[in-house]
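Listed below, chain by chain, are the residues.
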Amino acid sequence: MSSNFSRRGFLAAGAISPALLAAPGAPAPAAIRTLGKTGLKVTSVGFGCMVTSDPTVIERAIDQGITYFDTARVYSGGNNERMVGAAVKPHRQKLVLSSKTIAKDKDGALRDIDTTLKELGTDHIDIWYLHAKDRADQITPELIEAQQIAKKQGKIRFAGLSLHNGHAEVIPAAIKTGSIDVILTTYNFAMAATMEPLVKSISDAGIGVVAMKVMAGSMRLDRSYDFDRAKAAMAKPGAALSALKWALRMPYVHTAIPSIKDNEQLDENLKALREPYQAADAKLLAAHLERITPLYCRMCGTCAGTCPQGLPVSDMLRYLTYADGYGEFAMARDNFRTMPAELQQVRCESCDRCTIQCPNGVRVQERLIRTQELLA
């Protein structure tokens, strides 16, 4: 499964701006990769639209050659799909477009795809993800059936699955279904030890690999989590770029979709298409990882079901990341409010000592208290 094109053929096809390619003689990651057995050709740096509110940033990304754009039914209460659809409409045929459903049953999923197509203003999308499936038993036969129905109706080209947590359980289960064409998974330098073999197993199975959360908690890594220990790392220039380059350094990651809010972030991300991952990047990320270790949840799932008060710990820490890392308070609050009312009322400061001991060194109780202070 080759991900390489010749420079001359690539430019002749008009698929991407010459500005995205490496300078002559400089090694760089392949600008275009093949998304598994789907055969879809995508830029190795895609565009995560979750926090985007300015359509001109999407339009400029298209002008610069980005070909893959990802949204979801739940982003901004449906408004994100509408905005993305308007921005990509003049270029729809040359782009790869994906969206997601969080529906728990076939009928709900099929209603979602119809709404998605209406909001995006298109008759089909290229990839439709069953979103946030963090346990194997959430990949139900009726949701798989919904994807197959949508395929037969021509509403989607390929079936996808996305996950934040539970990688060791969910990824093998998704591969085993034999019906998932693309997997969208959290993957970043802070998760290397556990995720490298799992991500490779996806590609080895011929399934497309799309990486998200590649910046390990912050799009720019320049905002503070309100802990002094993290401030220096968050302000470190180039850390976000190094993180993106890390995610793309292996050919079995077919594309990454960092969230892009403005042109400054877009310009920084585009550099990953012409700059290889080098020793200086590794050094920078090692220092950053040391600083964020007490703060950043690796979403390994070890803590699942272990809180005596029943809190979904890794989910709550992800909600906090949306606020503290992404600067998206409303999104964080909306996610927090999806929890049962009784769990929203729990206060971790009432526990004398948190019983959850994170194997990665995250200060769990401190982070949960911060989540509750901000979002409850």
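Look up a bit, the structure's there.
Our subject in this report is the structure included herewith.

Parameters at a glance
- Residues numbered from 1 in each chain as written.
- Predicted model: local features only at pLDDT ≥ 70, side-chain atom pairs only at ≥ 80, totals over all residues.
- Heavy atoms only, no water.
- Pairing = 2+ DSSP bridges.
- Helix = DSSP H or I, 4+ residues; strand = E, 2+ residues; numbered from the N terminus.
- Buried < 20%, exposed > 50% of the residue type's maximum accessible area, 1.4 Å probe, protein only.
- Arc of directions from axis to C-beta.
- Contact = heavy atoms within 4.5 Å.
- Core = buried A, V, L, I, M, F, W, Y, C linked by side-chain atoms within 4.5 Å.
- Domains from an automatic or database assignment.
- Expected span 1.5 Å × (residues − 1).
- Polar contact = N/O pair within 3.5 Å; in protein donor to acceptor, adjacent residues only side chain to side chain.

## Focus: the sheet that holds strand S5 (residues 96–101)
Across the sheet, which stays open at both edges, the eight strands sit in the order S3-S4-S5-S6-S7-S8-S9-S10 with parallel pairing between neighbours. If you trace the sheet from one side to the other, it starts and ends with strand S3 (47–48) and strand S10 (255–256), each paired once. Pairing geometry for S5 and strand S6 (residues 125–130), over four bridges, is parallel. By the bridge assignment for S6, serine 99 is matched with tryptophan 128.

## Digging into helix H13 (residues 329–336)
Inspection of H13 places Met331, Ala332 and Phe336 among the buried residues, and these make up the whole buried set. Down the axis of H13, the buried set is contained in an arc of 135°. They therefore lie on one face. Close packing links the buried residues of H13 with helix H12 (313–324), helix H14 (341–344) and helix H15 (364–375).

## Concerning the side chain of glutamine 344
Turning to its location among the elements, glutamine 344 is positioned in helix H14. According to the relative accessible area criterion, glutamine 344 is buried, its value standing at 17%. Apart from residues lying up to four places away in sequence, glutamine 344 is in contact with Phe336, Arg337, Met339 and Ala376.

## Re the nonpolar core
Phe47, Ile58, Phe69 and Tyr187 are the most contacted members of the largest nonpolar core, which totals 102 residues. A total of seven residues in this core trace back to one element, the largest contributor, which is helix H9 (residues 239–247). Two domains each provide a minimum of three residues to this core, namely domain 1 (32–217 + 235–291) and domain 2 (313–375). Residues contacting phenylalanine 47, with those up to four places away along its chain left out, are Thr52, Val57, Ile58, Ala61, Ile66, Tyr68, Phe69, Asp70, Ile257, Pro258 and Ile260.

## Let's talk about helix H4 (residues 106–120)
When the terminal C-alpha atoms of H4 are compared, their 21 Å separation across 15 residues agrees well with the 21 Å that a helix rising 1.5 Å per residue should span. Within the span of H4, buried status applies to Gly108, Ala109, Leu110, Asp112, Ile113, Thr116, Leu117, Glu119 and Leu120. Buried positions along H4 lie against helix H3 (79–88), S5, S6, helix H5 (141–152) and strand S7 (156–163). At the N-terminal end of H4, a side-chain oxygen is found 3.3 Å from the backbone nitrogen of aspartate 107, two or three residues along, and the residue is aspartate 105. Positive phi appears at glycine 121, one or two residues downstream of H4, with a value of about 70°.

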